[in-house]
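Reading the structure
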Amino acid sequence: MTTCETKASALDRASAHGFRAFFVANFDFVCKTLRRLGVIDADLADVAQEVFVVAHRSFSTYDPERSAKTWLFAFARGYASNYRRLGWHRRAEMPDSARASSQRLLQKLDARAKVALGLAALDDEKTTVLVLHDMEGLSAAEIARDLGVPLNTVYTRIRAAREAFKMALAEEAL
Amino acid sequence: MTEALPPDEDLATLFRAEQAEHVFSDALRATVLRGVESAVLLGPEVAVGGSGAAMVAKAWTTKMVVLLAAGTFVFGATVATIATRALAPVIAPQAVTPPLATPAPTAIVAPPPEAPPSANAPPVVSATEGARPRPPAASAESVPSTLAREGEIIEMGRAALARGRPADALGAADEHKRMFPRGRLTEEREELAIRALRAAGMSDEANSRAALFLKAYPASIYGAP
């Protein structure tokens, strides 16, 4: 095995080591994100697995200087989008959030369902900042750095995202 | 963290309430981790459309074969690395005597190998089942956030080391040992501590700790840290 003990395999080992701790530290975040983006609980394990498999394959590109959440969010968003587009959820009942159509129903929705409902009305950019900034507590500066966009752009997106989010809930309540 | 743009109170209240409604069980975490390990080892064609305990059970014997065969290939080191990790008892509680509790070296007791899944593997556990009673083996650490907290500490230490702050990394390792003397990420903690000691120039302590590590985890994917 010594001939195989190249720099590359040493790197593999290092990343395998890091990945396990990385998985544990970020599992809840990925699951929360998937739920927020419309993945129902019955499918959560399957979709979360897909996200972490692709994260593992790309792990060498992960920069620990940056927020793991921003990095993982892009994967989670992509898989949640595929999930909705391909209609995986048809094998199970949609959450109440998708069917709410009255003030009374909306008031009865739990906070999770309301958030999923509001986020469903946002585009990718707004969804990203609203989740990372308002729900996960990343600073606007961190998000700007990780996404490679100007700080003012992040602020603009946050404001626009909140407005669109509130409007979506208000419309649903009519 | 600077919060220069706080949301209005309605939104902040909603987001706080939403955050509190997310609870994930250790069982779900274990299921997904095993699924990931299987998929990474067996490749995407097996991973597509499947996860969970049933697939893991199917994959288990295959993994053994791959593991044995791996050594004969040029890329054996890589495959074996992943295979070893996949087979490691990552979720089962580990029986570990905390090393270096005193200046004199003490033994690290490696955990016993994980029993292979039975033919009747348990079904995929949905996230909503977190409140359900779990088997005794898991009940000792049934708080869902325990493992996540362990991971956070290790991850912080790892990031500190990557940023050239071995003292902080050692601090994280010590913190982990203090909070989780028999934690599930003890192997990761020790590996982190050894690398941090080396980075800090404390090679004597690093070497003695590495010797204990090798004794406790002869099949570790970290090899000789």
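These numbers were taken from a predicted model, which means no experiment stands behind them. The numbers attached to residues start from 1 for each chain and follow its sequence in the written order. Lettering of chains starts at A and numbering of ligands starts at 1, both following the order in which they are written. Restriction of local features to residues with pLDDT of at least 70 applies here, the model being predicted, together with a cutoff of 80 or more for giving and counting side-chain atom pairs; totals for whole chains, interfaces and linings are based on all residues.

**A few points about the overall build of chain B**
For chain B, the count of helices and strands is ten helices and zero strands. Helix and strand definitions follow DSSP, with helices as H or I runs of at least four residues and strands as E runs of at least two, each counted in order from the N terminus. When the helices and strands of chain B are read in sequence order from the N terminus, they spell out α-α-α-α-α-α-α-α-α-α. Of the contacts made within chain B by residues no fewer than 6 positions apart, 57% connect residues no fewer than 24 positions apart. Contact between residues is assigned whenever the C-beta positions, reconstructed from backbone atoms, fall within 7 Å.

**A closer look at the overall build of chain A**
Looking only at helices and strands, chain A features eight helices and zero strands. Secondary structure elements of chain A, listed N to C terminal, follow the sequence α-α-α-α-α-α-α-α. Note on burial: count the other C-beta atoms lying within 10 Å of the residue's C-beta; 20 or more is buried, 12 or fewer is exposed, in between is partly exposed, and C-beta positions come from the backbone. Put simply, chain A has 174 residues, and 45% of those count as buried. Residue pairs at least 24 apart in sequence account for 69% of intrachain contacts in chain A once pairs closer than 6 positions are excluded.

**Remarks on the nonpolar core**
Soluble globular proteins tend to pack their nonpolar side chains together in the buried interior. Counting 76 residues, the largest nonpolar core has Val 30, Leu 34, Val 47, Ala 48, Phe 52, Ala 76 and Leu 130 of chain A as its most contacted members. Not counting residues up to four positions away in its chain, the partners in contact with Leu 34 of chain A are Val 39, Leu 44, Val 47, Ala 48, Ala 76 and Ala 80 of chain A. Any set of buried Ala, Val, Leu, Ile, Met, Phe, Trp, Tyr and Cys residues joined through C-beta atoms within 7 Å is what this text calls a nonpolar core.

**Some remarks on the packing of helix α3 (residues 68–86) of chain A against helix α6 (residues 124–135) of chain A**
Residue and element names in this part refer to chain A. The interhelical angle for the contact between α3 and α6, taken along N-to-C directions, is 135°, at an axis separation of 11 Å. Considered as vectors, α3 and α6 are oriented oblique to each other. Crossing handedness for the pair α3 and α6: right-handed. For the pair α3 and α6, the contacting residues are Lys 69, Thr 70, Phe 73 and Arg 77 in the first and Asp 124, Thr 127, Thr 128, Val 131 and Leu 132 in the second. Structural elements are reduced to axes, namely lines fitted to C-alpha atoms, with helices fitted over the stretch in contact, and the angle between N-to-C directions of any two is expressed from 0 to 180 degrees. Note on terminology: angles under 35 degrees are roughly parallel, angles over 145 are roughly antiparallel, angles of 65 to 115 are roughly perpendicular, and the others are oblique. Handedness of a helix crossing follows the sense of rotation of the near helix relative to the far helix, less than a right angle counterclockwise being left-handed and clockwise being right-handed.

**A short note on the confidence of the model for chain A**
All names here are of chain A. Per residue, pLDDT captures the predictor's confidence, and it can take any value from 0 to 100. Averaged over every residue, the pLDDT of chain A is 82; residues scoring 70 or more account for 77%. Within chain A, the element-level pLDDT minimum falls on helix α4 (residues 103–108), averaging 55, and the maximum on α6, averaging 96. The low-confidence segment residues 1–8, where pLDDT is below 50, has seven contacts with residues more than four positions distant or belonging to other chains. This model gives residues 90–102 a pLDDT under 50, and the stretch forms 18 contacts once residues within four places in sequence are excluded.

**Remarks on the environment of Glu 171 of chain A**
Residue and element names in this part refer to chain A. Residue position: Glu 171 is located in helix α8 (residues 151–172). Take Glu 171: there are 9 C-beta atoms within 10 Å of it, and that puts it in the exposed class. Taking the C-alpha atoms as reference points, Glu 171 and Gly 118, separated by 53 residues in sequence, lie 10.0 Å from one another.

**A closer look at the packing of α6 of chain A against α8 of chain A**
All names here are of chain A. Running from N to C, α6 and α8 cross one another at 95°; their axes reach a closest spacing of 8 Å. Between α6 and α8, the angle is such that the two are roughly perpendicular. The segment α6 lies against α8, with Glu 125, Lys 126, Val 129, Leu 130 and His 133 engaging Val 154, Arg 157, Ile 158, Ala 160, Ala 161, Arg 162, Ala 164 and Phe 165. Of the residues in the contact of α6 with α8, the class split is eight nonpolar, one polar and four charged. Each residue gets one of three labels, nonpolar for Ala, Val, Leu, Ile, Met, Phe, Trp, Tyr, Cys and Pro, charged for Asp, Glu, Lys and Arg, and polar for the others, Gly among them.

**So, helix α7 (residues 145–162) of chain B**
Residues and elements named next belong to chain B. Taking 1.5 Å of rise per residue, 18 residues should cover 26 Å, and α7 covers 25 Å from first to last C-alpha, within 8% of that figure. For α7, every residue scored as buried is listed here: Leu 147, Glu 150, Gly 151, Ile 153, Ile 154, Glu 155, Gly 157, Arg 158, Ala 160 and Leu 161. Within two residues after α7, Gly 164 carries a phi angle of roughly 75°, on the positive side. Here the expected span of a helix is defined as 1.5 Å times the quantity of residues minus one.

**Structural notes on helix α10 (residues 203–216) of chain B**
An ideal rise of 1.5 Å per residue puts 20 Å on 14 residues; α10 of chain B measures up with 20 Å between its terminal C-alpha atoms. Elements in contact with the buried residues of α10 of chain B: α9 (186–199) of chain B.

**Remarks on the confidence of the model for chain B**
Residues and elements named next belong to chain B. Put simply, chain B has an average pLDDT of 63, and 50% of its residues get 70 or more. Of all helices and strands in chain B, the one with the weakest mean pLDDT is helix α4 (residues 52–70) (37), whereas helix α1 (residues 9–21) scores best (91). When the criterion is pLDDT under 50, residues 43–142 qualifies, and its contacts beyond four places in sequence or with other chains add up to 153 contacts.

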